[in-house]
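# Structural overview for review
Here's the letter readout for the chains.
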Amino acid sequence: MTTFRPKYITFDCYGTLTNFQMAEAARDLYSEQLDEPRMAEFIKNFAAYRLDEILGDWKPYAEVVHNSLERTCKRNGIKFRDEAARMVYERVPTWGPHADVPAGLAKVAKEIPLVILSNAMNSQIMSNVEKLGAQFHAVYTAEQAQSYKPRFKGFEYMLDMLGCGPQDILHCSSSFRYDLMSAHDLGIKNKVWVNRGHEPANPYYGYVEIADISGLPGVVGL
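Sequence order sets the numbering: in each chain, residues are counted from 1 along the sequence as written. Only residues with pLDDT of at least 70 get local features here, since the model is predicted, and only at 80 or more are side-chain atom pairs given and counted; chain-wide, interface and lining totals rely on the full set of residues. Neither water nor hydrogens contribute to the side-chain values; these are computed over all heavy atoms in the structure.

The name given to the protein in an unreviewed UniProt entry is Haloacid dehalogenase type II, and the organism recorded there is Sinorhizobium numidicum.

Of regular secondary structure, the protein possesses ten helices and six strands. Its C-alpha radius of gyration of 17 Å places the protein within 12% of the 17 Å reference for a compact globule of 222 residues. For the protein, the spread of C-alpha atoms along the principal axes amounts to about 55 × 35 × 30 Å. Partly exposed residues are those whose accessible area sits between 20% and 50% of the maximum for their type, while under 20% is buried and over 50% is exposed, using a 1.4 Å probe and protein chains only. Counting over 222 residues, the protein shows a buried share of 50%. The contact criterion used is simple: two residues touch if any of their non-hydrogen atoms lie within 4.5 Å. Sequence separation of at least 24 residues holds for 63% of the intrachain contacts in the protein that already meet a minimum separation of 6. Put simply, DSSP H or I for four residues or longer makes a helix, DSSP E for two residues or longer makes a strand, and each gets a number counted from the N terminus. Radius of gyration here is computed from C-alpha atoms only, and the compact-globule reference equals 2.2 Å multiplied by the residue count raised to the power 0.38.

This part takes up the packing of helix α3 (residues 61-76) against helix α4 (residues 82-91). Running from N to C, α3 and α4 point in directions that differ by 130°, and their axes come no closer than 9 Å. When the interaxial angle is binned, α3 and α4 end up oblique. Our pair here, α3 against α4, has a crossing hand that is right-handed. Contacts between α3 and α4 involve Tyr 61, Ala 62, Val 65, His 66 and Leu 69 from the former and Asp 82, Ala 84, Ala 85, Val 88 and Tyr 89 from the latter. Ten residue types, Ala, Val, Leu, Ile, Met, Phe, Trp, Tyr, Cys and Pro, are classed as nonpolar, four, Asp, Glu, Lys and Arg, as charged, and the remainder, Gly among them, as polar. Considering only residue class, the contact of α3 with α4 consists of eight nonpolar, one polar and one charged. Between N-to-C directions, angles span 0 to 180 degrees; the directions come from axes that are lines fitted to C-alpha atoms, helices contributing only their stretch in contact. We call two directions roughly parallel when the angle between them is under 35 degrees, roughly antiparallel when it is over 145, roughly perpendicular when it lies between 65 and 115, and oblique otherwise. Take the far helix as the reference: if the near one is turned anticlockwise from it by less than a right angle, the crossing is left-handed, and if turned clockwise, right-handed.

Think of it this way: DSSP has to see at least two bridges between two strands before they count as a pair. Sheet architecture is open: six strands sit in the order β3-β2-β1-β4-β5-β6, paired in parallel fashion. Of all strands in the sheet, those with a lone pairing partner are β3 (138-141) and β6 (208-210), marking the two edges. Strand-to-strand twist of the sheet, defined as the mean angle between neighbouring strand axes without regard to direction, takes the value 20°. Pairing between strand β4 (residues 169-173) and strand β5 (residues 191-194): three bridges, direction parallel. Within β5, the residue paired with His 171 across the bridge is Lys 191. Against the sheet, helix α8 (residues 153-162) contacts β1 (8-11), β2 (114-118), β3 and β4, and its axis sits at roughly 150° relative to β2.

Oppositely charged side chains can pair when the atoms bearing their charge come close. Salt bridge, as used here, is a side-chain nitrogen of Lys or Arg placed within 4 Å of a carboxyl oxygen of Asp or Glu. With the rule as written, the count across this model stands at eleven salt bridges. The shortest N-O distance in the salt bridge between Asp 179 and Lys 149 comes to 3.0 Å. Separated by 30 residues along the polypeptide, Asp 179 in helix α9 (residues 176-185) and Lys 149 in the loop between α7 (142-145) and α8 bring together distant segments of the chain. In this structure, Asp 179 and Lys 149 share a single accessibility class: buried. Taken together, the salt bridges that share partners define one network made up of Asp 52, Glu 53, Lys 59 and Arg 71.

Remark: nonpolar core denotes a set of buried residues (Ala, Val, Leu, Ile, Met, Phe, Trp, Tyr, Cys) joined through side-chain atoms within 4.5 Å. One finds Phe 11, Tyr 30, Leu 105 and Phe 136 to be the most contacted residues of the largest nonpolar core, which totals 54 residues. Excluding residues within four positions of it along the chain, Phe 11 makes contact with Leu 17, Leu 105, Leu 114, Val 115, Ile 116, Leu 117, Phe 136, His 171, Cys 172 and Leu 216. Ranked by size, the runner-up nonpolar core spans 13 residues in total, among them Ala 138, Leu 159, Ile 169 and Ile 188.

Moving on, we get to the state of the cysteines. Defined by distance alone, a disulfide is two cysteine sulfur atoms within 2.5 Å. Applying the stated criterion across every chain, the model contains zero disulfides. There is no disulfide at Cys 13, and the cysteine sulfur nearest it, in Cys 172, is 11 Å away. Judged by relative accessible area, which is 0%, Cys 13 ranks as buried. Its sulfur unpaired, Cys 164 is 16 Å from the next cysteine sulfur, which belongs to Cys 172.

Two rings from Phe, Tyr or Trp (for Trp, the six-membered ring) form a pair when their centres sit within 6.5 Å of each other. Planes less than 30 degrees apart are called stacked, planes more than 60 degrees apart edge-to-face, and all others tilted. The full count for this structure, using the stated rule, is 13 aromatic pairs. A ring pair is formed by Tyr 30 and Phe 42, whose centres lie 4.8 Å apart and whose planes are at 45°; its orientation type is tilted. Of the two residues, Tyr 30 is situated in helix α1 (residues 22-30) and Phe 42 in helix α2 (residues 36-53); the sequence distance between them amounts to twelve residues. By the burial criterion, Tyr 30 is buried, and Phe 42 matches it. With centroids separated by 6.3 Å and ring planes inclined at 50°, the aromatic side chains of Tyr 61 and Tyr 148 adopt a geometry described as tilted.

Following this line, the structure appears as structure tokens:
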């Protein structure tokens, strides 16, 4: 079979490339108040509320973090503090890549333009991107699109800005709920799932599975 060589490889950033450390932040804040089973439940709830918070109209990510943490604290019987939400938000730009990312990206970037579509603020994302170890053709944010994934508007904004169609890209993510389900529904047939253990496999959505970014060059024949 002929290997698909896309015009662009598009990526989710946080979780897929950048080591997303919301769970670690929650542990730093609340582990002294919660035993391990309750801490695990808190982390699960925090992730669920972050997703719920971005399904409506766009708002700054600081509000997403604040609201989702406040709702999680209420659900888990923990006192919420504004400064805790600020601490979590301010950590985001400090996060670096998963260990496998720089070498894998660098190899692909020599041959195919790389693009990020991230649920990010403009003021935060470039600090994370600079740590990834590869040159990116473009970085698009939820703030620019005025919409968070998994809503379609961000993907549509990215394709419009690139001047291409769904058939021209390969989209790479570690998340079905945020990325790959929406990509599927928008007709992006060429997808890569980076199995970082966030979610179970779901073959219905049609993708190539890789364990980490070191497997990406092989997907595109490099």
